[in-house]
Amino acid sequence: MSLLLETIKIENGKLLNIAFHNWRFNQARKELFNLPEIDLEQVISIPDDLANITYRCRVLYDQTIQKVEFIPYQTRSIQSLRLVYDDTINYAYKYANRTHLNELFKKRGNADEIIIVKKGLITDCTIGNLVFYDGEKWLTPEQPLLAGTQRQQLLSEGQIRQAKITEKDLINYQKVGIINAFYLLDNMPSLPINKINNLTKPTP
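Trainee: Quick question: what am I supposed to make of the overall build of the protein here?
Mentor: A tally of regular secondary structure across the protein gives 4 helices and 12 strands. When its C-alpha atoms are laid out on the principal axes, the protein stretches across 60 × 35 × 35 Å. Taking all 204 residues of the protein together, 44% fall into the buried category. Nonlocal contacts in the protein, meaning residues at least 24 apart in sequence, comprise 62% of its contacts between residues at least 6 apart. Looking at the protein as shown, the accessible area adds up to about 10,900 Å², and 46% of this sits on carbon and sulfur atoms. The averaged location of the 23 negative side-chain charges in the protein is 6 Å from the averaged location of its 25 positive side-chain charges.

Trainee: Got a minute to help me understand the layout of surface pockets in this structure?
Mentor: The gaps of empty space that remain are located by a probe, the size of a water molecule, rolled over the atoms. Size it by volume and the largest pocket reaches roughly 710 Å³. Taken together, 32 residues form the lining of the largest pocket, with Lys94, Thr126, Ile127, Gly128 and Asn180 sitting closest to its centre. Elements represented by at least two residues in the lining of the largest pocket include exactly strand S1 (4-11), helix H1 (18-33), strand S3 (55-61) and helix H4 (149-156). Among the residues forming the lining of the largest pocket, the class breakdown is 14 nonpolar, 11 polar and 7 charged. The computed volume of the second largest pocket comes to approximately 180 Å³. Around the second largest pocket, the lining residues are Trp23, Arg24, Gln27, Ala28, Glu31, Tyr61, Ala92, Tyr93, Lys94, Leu146 and Ala147. With 5 residues, H1 is the largest single contributor of residues to the lining of the second largest pocket.

Trainee: How should I be thinking about the packing of H1 against H4 in this particular structure?
Mentor: Each packed pair of helices is defined by two parameters, the angle between the axes and the distance between the axes. Where H1 contacts H4, the two axes come as close as 9 Å, and the packing angle between them is 120°. Of the possible angle classes, the one that applies to H1 and H4 is oblique. The two elements H1 and H4 meet at a crossing, and its hand is right-handed. Where H1 approaches H4, its residues Phe20, His21 and Arg24 are matched on the opposing element by Thr149, Gln152, Gln153 and Ser156.

Trainee: Where do I start with the pattern of salt bridges in this structure?
Mentor: A pair can form between side chains of opposite charge whenever their charged atoms are brought close. The full count for this structure, using the stated rule, is 7 salt bridges. Arg58 serves as the salt-bridge partner of Glu69, at 2.8 Å between the closest nitrogen and oxygen. Residue Glu69 is located in strand S4 (residues 65-72), and its partner Arg58 is located in strand S3; the two are separated by 11 residues in the primary sequence. The network of salt bridges with common partners includes Arg58, Lys67 and Glu69.

What counts and what doesn't
- Residues numbered from 1 in each chain as written.
- Predicted model: local features only at pLDDT ≥ 70, side-chain atom pairs only at ≥ 80, totals over all residues.
- Heavy atoms only, no water.
- Helix = DSSP H or I, 4+ residues; strand = E, 2+ residues; numbered from the N terminus.
- Buried < 20%, exposed > 50% of the residue type's maximum accessible area, 1.4 Å probe, protein only.
- Contact = heavy atoms within 4.5 Å.
- Areas by Shrake-Rupley, 256 points an atom, 1.4 Å probe, with all protein chains shown as cover.
- Lys, Arg positive; Asp, Glu negative; His and termini not counted.
- Charge placed at Lys NZ, Arg CZ, Asp CG, Glu CD.
- 1 Å grid on protein atoms, 1.4 Å probe; cavity = no way out; pocket = protein on both sides within 12 Å on 5 of 7 lines; lining within 4 Å.
- Points joined across faces, edges and corners; volume = space filled by probe spheres on them.
- Nonpolar A, V, L, I, M, F, W, Y, C, P; charged D, E, K, R; others polar.
- Axes fitted to C-alpha atoms, helices over the stretch in contact; angles between N-to-C directions.
- Parallel < 35°, antiparallel > 145°, perpendicular 65-115°, else oblique.
- Left-handed = near helix turned anticlockwise from the far one by under 90°.
- Salt bridge = Lys/Arg side-chain N within 4 Å of Asp/Glu carboxyl O.

Just distances and angles here, no functional claims.
Structure, rendered in structure tokens:
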């Protein structure tokens, strides 16, 4: 079995959103290995020289924690998206092996990122969950490939809501955004819906 992965944002020497990372980490350990809970804050020691830098903390694990890495965070410019179709992809757990996602990403053409459509439903992109703005509120697909920690936090705070979103529904939204451990609603890549390159236009 491939190693699992938890990616946590470190800012000002602190692990952010750690309660939701702990929940997902321990849920996977319980469901896959029937193991008791571990508090990630107790096992991750943040180096002193990261106090004023934004970093990615990568926790690689299976039955035990195999490695903890600290990697400088780099942003990506995302100006366009492309719909990519795959009815078989399964990413319910955050595995370090991203071969399937990487193969889908290669189908992006001249777009910067993809939107994965599974059995007609909008799911995720390769780097996070998606949110869609309808002019009043942000909605997120009710069946993501992976229940992201930022998604869970925003849902718990009532900042976003779940909805069944099909490919045909996309034209009803004004904007699409990407959320993950580093992208919140106020700093996420947010694009007009027409920046989905192969979006099906309504017939006159």
